[in-house]
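A look at the structure
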Amino acid sequence: MLPAQARLRRRPEFTAVVRYGRRAGRPTMVLHYLSERPEQPAGGSPPPTGARAGFVVGKSVGNSVVRHRVTRQLRAVVRAELHRLPVTADLVVRARPEAATAGSDLLRRDLVAGIDRLLPERVRR
RNA sequence: CGAGUCGGCUGGGCGGUCGCGUCGGCGGGGGAGACCCCGUCGCCGAGGAACGUCCGGGCUCCACAGGGCAGGGUGGUCGUUAACAGCGACCCGGGGUGACCCGCGGGACAGUGCCACAGAGAACAGACCGCCAGCAGUUCGCUGCUGGUAAGGGUGAAACGGCGGUGUAAGAGACCACCGCACACCGGGUGACCGGUGUGGCUCGGUAAACCCCACCCGGAGCAAGGUCAAGAGGGACGACGGCUCGCCGCCGUCCUGCGCAGGCGUUCGAGGGCUGCCCGCCCGAGCCUGCGGGUAGACCGCUCGAGCCUGCCGGCAACGGCAGGCCUAGAUGGAUGACCGCCCAUCGGGAGGCCGUGAGGCACCCGUGGACAGAACCCGGCGUACAGGCCGACUCGUCCG
């Protein structure tokens, strides 16, 4: 599970990552990645404390119970991989309907493969 | 033992590793302060439906100057409640051998509308067949005309009370008994209504989830309510730089504005707004309305102690109410309450063929499978809907034994 500080909390942050970030599609999810966070126009934005992640689970995935379960599985999976991203990075994970029936193992494989494609060669482990 | 009716409870358990949120303790840091941040420890952390948002309330804001008309809701009676379209008991009607179940259950001599098709005839009824009488004809089978008749046939959702008898040419509440109906009286019940007696021979329908009439009830919007505090997002012009598909995009700086543009109405001869809608009336009153384009919704309070939950006693057939004692039980805001693993228990599938039993079957063993419906968002009371299974209680009918 991710602390609230490591999650995207504002709508503009989501739209920035989804519109300007790099994309990587996997069967169960689509990753949007922005390595450098844009300047906060409001000023006084806190210094970068680590990579952040946000989740988008639409109604096409399932009913409320299914959506919550997928979100929680994704949060747990992302938590284990977030340290690989630079401290200024934002990641948005958008779940596809196939994620509803996939287990945590499959979600983890898709996430790792997606991050490998997004990160430049020199940053890989 | 079999078949069934009603009601209640439950909604996987234990452990481990790693995490999340509120609150509290301790330590550290920042700040003038309010307070915030980090680390660590501890407590607590989804449901019976949290769901649908169909009713009813609390709470908040607006209004409180009323009257008339319109509109909406409810509909056996009596209770219950903060309130209800809920719940309880009872009444009436219908179904079942029974436990029990079902019913949008006021009014059709206040008025209006509708009642298809079939049928001879359908709301001041109606002779198609049939039955009976008379007359005429006759090939003695019957036929025609006139009249009587609503018992029978046929049509229909429904045919002018039902059934049996008396009666009659055949028939008919014409008359009689029973049942039904209407009215009156008596008795019982708070009441819906029920029981009894008498009288009347008794045509005079259905539909009000058709208009309508009657009785009772009903201000509007909703926690994005509402309050406090912060902040400007954005747009335009000019200029520099970068990119390329060469006139657009990205980005930076300065200036202007602090939603912009266009149109309409108006400041006591009053726009517009409020009093649920309309009219009358009343109040507030200097800005308001429309179109196009664009933007924002941050923090804190509200926010969880409440018609609250548990236990016991008392009143009541019950719904429910009263008293006493105890308890504190989620408060998120891109939205915590989780992820993974092991064992066990339901469930289902397969194997082996062990034990018990005449048998259907039951118990035990091994392997696999694997948990119904569904996620709080201001809070309650209901209703409705979804749901793998498991447990408990009361009662009815049938069969067997004693």
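Our structure is the block above this text.
Residues numbered from 1 in each chain as written. Chains lettered and ligands numbered in written order. Predicted model: local features only at pLDDT ≥ 70, side-chain atom pairs only at ≥ 80, totals over all residues. Heavy atoms only, no water.

**Notes on the nonpolar core**
Keep this limit in mind: What is meant by a nonpolar core is a set of buried Ala, Val, Leu, Ile, Met, Phe, Trp, Tyr and Cys residues, joined one to another through side-chain atoms within 4.5 Å. Using a 1.4 Å probe on the protein chains alone, a residue whose accessible area is under 20% of its type maximum counts as buried, one over 50% counts as exposed, and one in between counts as partly exposed. Runs of E in the DSSP output that reach at least two residues are strands. Runs of H or I that reach at least four are helices, and both are numbered from the N terminus. Here, two residues are considered to be in contact whenever any of their heavy atoms come within 4.5 Å of each other.
In terms of nonpolar packing, the biggest core is built from 29 residues, with L31, V70, L74, L85, V93 and L111 touching the most fellow members. Breaking this core down by element, the ones donating at least two residues are β2 (29-34), β3 (52-56), α2 (64-81), β4 (90-95) and α3 (104-118). Here this core gets five residues from one element, more than from any other, and that element is α2. L74 has contacts with M29, F55, V93, A95 and L107, leaving out every residue within four places of it along the chain.

**A few points about α3**
Defined as follows: Take the residue count of a helix, subtract one, and multiply by 1.5 Å to get its expected span. Relevant arc is that of directions from the helix axis to the C-beta atoms, nothing else.
Taking 1.5 Å as the rise per residue, α3 with 15 residues should run 21 Å; its terminal C-alpha atoms sit 21 Å apart, in good agreement. Every buried residue of α3 is accounted for by L107, D110, L111, G114, I115 and L118. Projected down its long axis, α3 shows its buried positions confined to an angular sector of 130°, all on one face. The exposed set on the far side of α3, more than 90 degrees from its buried face, consists of D105 and R109.

**Brief notes about the pattern of salt bridges**
Any two side chains of opposite charge can pair, given that their charged atoms come close. So the rule is basically this: Within this document, salt bridges are pairs made up of a side-chain nitrogen of Lys or Arg and a carboxyl oxygen of Asp or Glu, the two lying within 4 Å of each other.
Following the criterion strictly, the structure yields three salt bridges and no others. Across the pair R84 and D116 runs a salt bridge, and its minimum N-O distance is 2.5 Å. Note that R84 is positioned in the loop between α2 and β4 and D116 in helix α3, a separation of 32 residues in sequence. Its relative accessible area of 11% is what places R84 among the buried residues. The partly exposed category is assigned to D116, whose relative accessible area is 26%. One network of salt bridges, with partners in common, ties together E81, R84 and D116.

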